[in-house]
Amino acid sequence: MRRNIWLIAISSIVLLVVVNNVVFFYITRYLLQQELDQQLISLSAQVRQAAEQRRVGLDLFEEQISRELRAASIAAKYALDEDVENITAEQLEALAKELDLSHITLLKKLENNDIVLYQSSDPKQINKSTASWDPWHRIFHELFEMKTIDEEWLGTSLPNFWSGPYEVSSTDYTNIYKWGYFYDGTTNYMIDPYIDYTAVNTYNELTGLDRLFEDLVQSNESLLEISIVNPLTFPNDQVTIEEDGSERKHIVQRPVLYGSYNYKSKHDELDVKKAFNSGERITRTERTAKAYTYKMFIPVSVEEERLAMVDEEGQPMEGYVLVITSSYEHIAESLRESVVRVALMTILITSIMLPAVILVMNYFKNLREEAVKVAQDTYIEEINALFQSIRSQRHDFINQVQTIHSLIKLKHYDEVENYAAEIAGEIHFINDYINIGNPAVAALIRSKLSQAEAYHIEFTHDVKAVKLTELAGQALDINRILGNLIDNAFDEVLKYEESDRKVSLYGREEQHTLHLKISNYCENAKEKINLPLFKSGFSTKLGEHHGLGLSIIESIVKQYKGDIQMSAPDDETIVFEVRIPLKTN
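Quick caveat: nothing in here was measured; it's all calculated off a predicted structure.

Scoring rules and cut-offs
- Residue positions are given per chain, counting from 1 as you read along its sequence in written order.
- This being a predicted model, a pLDDT of at least 70 is required before a residue's local features are given, and a value of 80 or more before pairs of side-chain atoms are given or counted; all residues contribute to the totals for chains, interfaces and linings.
- Neither water nor hydrogens contribute to the side-chain values; these are computed over all heavy atoms in the structure.
- In this text, helices come from DSSP runs of H or I with a minimum length of four residues, and strands from runs of E with a minimum of two, each type numbered from the N-terminal end.
- Throughout, a residue-residue contact means that at least one pair of heavy atoms, one from each residue, lies within 4.5 Å.
- When DSSP finds two or more bridges between a pair of strands, those strands are recorded as paired.
- Throughout, an axis means a line fitted to C-alpha atoms (over the contacting stretch in the case of helices), and angles, computed between N-to-C directions, take values from 0 to 180 degrees.
- Partly exposed residues are those whose accessible area sits between 20% and 50% of the maximum for their type, while under 20% is buried and over 50% is exposed, using a 1.4 Å probe and protein chains only.
- As used in this structure description, the phrase polar contact means that two N or O atoms lie within 3.5 Å; if the pair is within protein, one of them must be able to donate a hydrogen and the other to accept it, and residues adjacent in sequence are counted only when both atoms belong to side chains.
- Patches were defined on residues exceeding 30% relative accessible area and lacking a salt bridge, with like-charge contacts within 9 Å and nonpolar side-chain contacts (Val, Leu, Ile, Met, Phe, Trp, Tyr) within 5 Å.
- Using a 1.4 Å probe, accessible areas were evaluated by the Shrake-Rupley method; residue-level cover was limited to the displayed protein chains.
- Whenever a carboxyl oxygen of Asp or Glu lies within 4 Å of a side-chain nitrogen of Lys or Arg, that contact is scored as a salt bridge.
- We count Lys and Arg on the positive side and Asp and Glu on the negative side, and we leave His and both chain ends out.
- Lysine's charge is taken at NZ, arginine's at CZ, aspartate's at CG and glutamate's at CD.
- Note that the term roughly parallel is reserved for angles under 35 degrees, roughly antiparallel for angles over 145, roughly perpendicular for angles of 65 to 115, and oblique for everything else.
- A crossing counts as left-handed when the near helix is turned anticlockwise from the far one by less than a right angle, and as right-handed when that turn is clockwise.
- Along the arc lie the directions from the helix axis toward the C-beta atoms.

Caption draft 1: Broad picture of the side chain of Ser327. Along the chain, Ser327 turns up in strand β15 (residues 319–327). Contacts of Ser327, omitting those with residues within four sequence positions, involve Ser222, Leu224 and Tyr292.

Rendered as structure tokens:
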């Protein structure tokens, strides 16, 4: 049994340590992830603000380029003939060089309502149709009709002029240009000057978003990359199949608008679309081919701003998704370090506390064993005295019978009656102990009767059939309750004259309940029952009493889910009643 108790105690401690570490692990991981979330959210706000500032700066820069293209168009109008048939490619080439342009192309509207690149300084452009260039083809018609272009989201609109965003050339897929289109009705053609991507590329390298993202990644050791993606074209490039079967990519439909996209995952496409459609941040922790990553997908709305970005059908977009990829390794490392520290601390504390717990348990075990030994010694002593009385009675029985016989022969009938009454009283005295039912309880009552006789206390008892079968293992606790109740009553009546020193004890097993009741003489009883008699340390006695008796009784009774009550039937009697439920099958 002792071995099992120690095994249970040690197992409980180990289980407690394991549960503590598991709970600490998940709480720490949650807190670290929350901290990372806050960092990324704060970073995303900075990126959005910086991106907007850079975008506005780029818009102004491109708008200035558009104005220069318009000025070049007006200059070309005055330098060229009004009829496109009278203009040669050589003239356009020389004029483009003089105006510092990449090329100049002239567009003509045909009778079939098609608009073609009719003449150009770039031979690849000549006679190419624009019918498949949506929305460019529609804008060309509006320019020829002298309408104001309202495609602000896709370029810059000026009087008789519109300039689109940088885009891949339809005749040279390796080059990116910015085109301007001018028509004021004074010629039978539209002037299309354009320049390459060099100026904007230099601007982006120095102050653009790509440079900003690179600087942020380099300054933050846990940050891996930042991307601005088109949620409706991501992750694949959008291409146009030309008449000759070749494929042409489109800048305004590119899936990654700014930044890099190196840490790819099969879940990225779904997460991007989910964030964009729901308007909520999406996070994912995943091991990719390159790193253990933590990604945050943040939808950004730009409904009231210009955004040179279209969906897969060429329609303007009203937002994008900001993807911030961070390394999860630093969280895992911090988590490992925290768990190791806590584990070491737990082991240290356990190694200190376990011996202390063992010492405390041994101390209380020794105290209990000592108390049990004292109780057993008292029990054995009282039982031996009881048995000795029975043996003495049996031994004297023959002599007593012979004495009665002799007294009868001598006809001393009065002496026979007195002698028989004395014998009957002793037999009744012994039978009372037998009727109590439990040897330990009987021994205690016999001991208290002897004590009452010494104190000149009239102690009567009516305790029968208290077998304690269901409480056999707890007879010691029942005797502690009885002993303290009787001692408390004795202490109270000793305050008064011998004639008032009266104590009465009642005990029965009734309806699966042990019922104990003790009453004693007590002056001002009705007042005393209102005092905190069950409070530890409270006492109405003088001297060295500590006020622990009733407190001990109450604690034991509660331990067995019992009840203790006190009452005062009159002002000179106080009663304590204890009821303890007995175990039933």
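Caption draft 2: Quick peek at the sheet that holds strand β9 (residues 223–229). With antiparallel pairing, the five strands of this open sheet are ordered in space as β12-β9-β15-β14-β13. Looking at the sheet topology across the chains shown, the edges are occupied by β12 (256–259) and β13 (282–287). The mean inter-strand angle of the sheet, taken between neighbouring strand axes irrespective of direction, is 20 degrees. Running over the sheet, helix α6 (residues 268–278) touches β9, β13, β14 (292–301) and β15 and is turned about 35 degrees from β14.

Caption draft 3: Spotlight on the pairing of β14. Of all ten residues that make up β14, nine are buried, and the element is covered over most of its length. Examined bridge by bridge, β13 and β14 share six bridges and lie antiparallel to one another. When the bridges of β14 are listed, Thr283 appears paired with Met296. Pairing of β14 with β15 involves nine bridges; the strand directions are antiparallel. Its bridge partner lying in β15, Tyr294 is registered against Ser326.

Caption draft 4: Structural context of the side chain of Ser66. Considering the arrangement of structural elements, one finds Ser66 in helix α1 (residues 2–79). Taking the relative accessible area as the measure of exposure, Ser66 reaches 0% and is therefore buried. Separated by 3.3 Å, the side chains of Ser66 and Ser163 make a polar contact. Residues within four places of Ser66 in sequence aside, it is in contact with Thr156, Leu158, Phe161, Ser163 and Lys178.

Caption draft 5: A negative patch on the surface, seen in detail. On the surface, a cluster of negative charge is contributed by Glu523, Glu527, Asp570, Asp571 and Glu572. Here Glu572 is to be found in the loop between β19 (563–570) and β20 (573–581). Its relative accessible area of 45% is what places Glu572 among the partly exposed residues.

Caption draft 6: Focus on the sheet that holds strand β18 (residues 513–521). Reading across from one edge, β16-β17-β18-β20-β19 is the order of the five strands in this open sheet, with mixed pairing throughout. Only two strands of the sheet have a single partner each, and these edge strands are β16 (458–463) and β19. Taking the axes of each pair of neighbouring strands and ignoring which way they run, one obtains an average angle of 15 degrees across the sheet. Of the strand pairs in this sheet, β18 and β20 are connected by nine bridges, and their pairing is antiparallel. Residue pairing for β20: Tyr521 is matched across the bridge by Thr573.

Caption draft 7: Examining the packing of helix α9 (residues 439–454) against helix α10 (residues 475–493) more closely. One can describe the packing of α9 onto α10 by two numbers: an axis separation of 10 Å at closest approach and a directional angle of 15 degrees. Between α9 and α10, the interaxial angle falls into the category roughly parallel. Crossing hand, α9 versus α10: right-handed. Here Ala440, Val441, Leu444, Lys448, Gln451 and Ala452 of α9 lie close against α10, whose contacting residues are Asn479, Leu482, Gly483, Ile486, Asp487 and Phe490.

Caption draft 8: Structural detail: unusual backbone geometry. A positive phi angle, close to 50 degrees, is found at Gln511, a residue other than glycine. Of note, Gln511 is situated in the loop between β17 (502–510) and β18. The backbone phi angle of Asn524 is positive, close to 55 degrees, even though this residue is not glycine. The topology assignment puts Asn524 in the loop between β18 and α11 (525–528). According to the relative accessible area criterion, Asn524 is partly exposed, its value standing at 40%.

Caption draft 9: Spatial organisation of the environment of Ala94. Assignment of secondary structure puts Ala94 in helix α2 (residues 89–98). Separated by ten residues in sequence, Ala94 and Ile104 place their C-alpha atoms 9.7 Å apart.

Caption draft 10: Geometry of a nonpolar patch on the surface. A cluster of nonpolar side chains, contributed by Leu15, Val19, Val23, Ile27 and Leu31, occupies part of the molecular surface with about 450 Å² of accessible area. Among the structural elements, Val23 can be located in helix α1.

Caption draft 11: Layout of the pattern of salt bridges. Under the counting rule described, the total for this entry stands at 15 salt bridges. With a closest N to O distance of 3.0 Å, Asp462 and Arg508 form a salt bridge. In this pair, Asp462 is assigned in strand β16 and Arg508 in strand β17, connecting sequence segments 46 residues apart. Owing to a relative accessible area of 30%, Asp462 belongs among the partly exposed residues under this scheme. Given a relative accessible area of 18%, Arg508 falls into the buried group. Lys558 is the partner of Glu554 in a salt bridge, and the nearest nitrogen-oxygen pair spans 3.7 Å.

Caption draft 12: Summary view of α2. Of all the positions in α2, only Leu92, Leu95 and Ala96 are classed as buried. The buried residues of α2 occupy an angular sector of 100 degrees when the element is viewed end-on, so they sit on one face. Away from the buried face of α2 by more than 90 degrees, exposed residues Glu90, Lys97 and Glu98 are located. Just downstream of α2, Asp100 is the residue with a positive phi angle, here 60 degrees.

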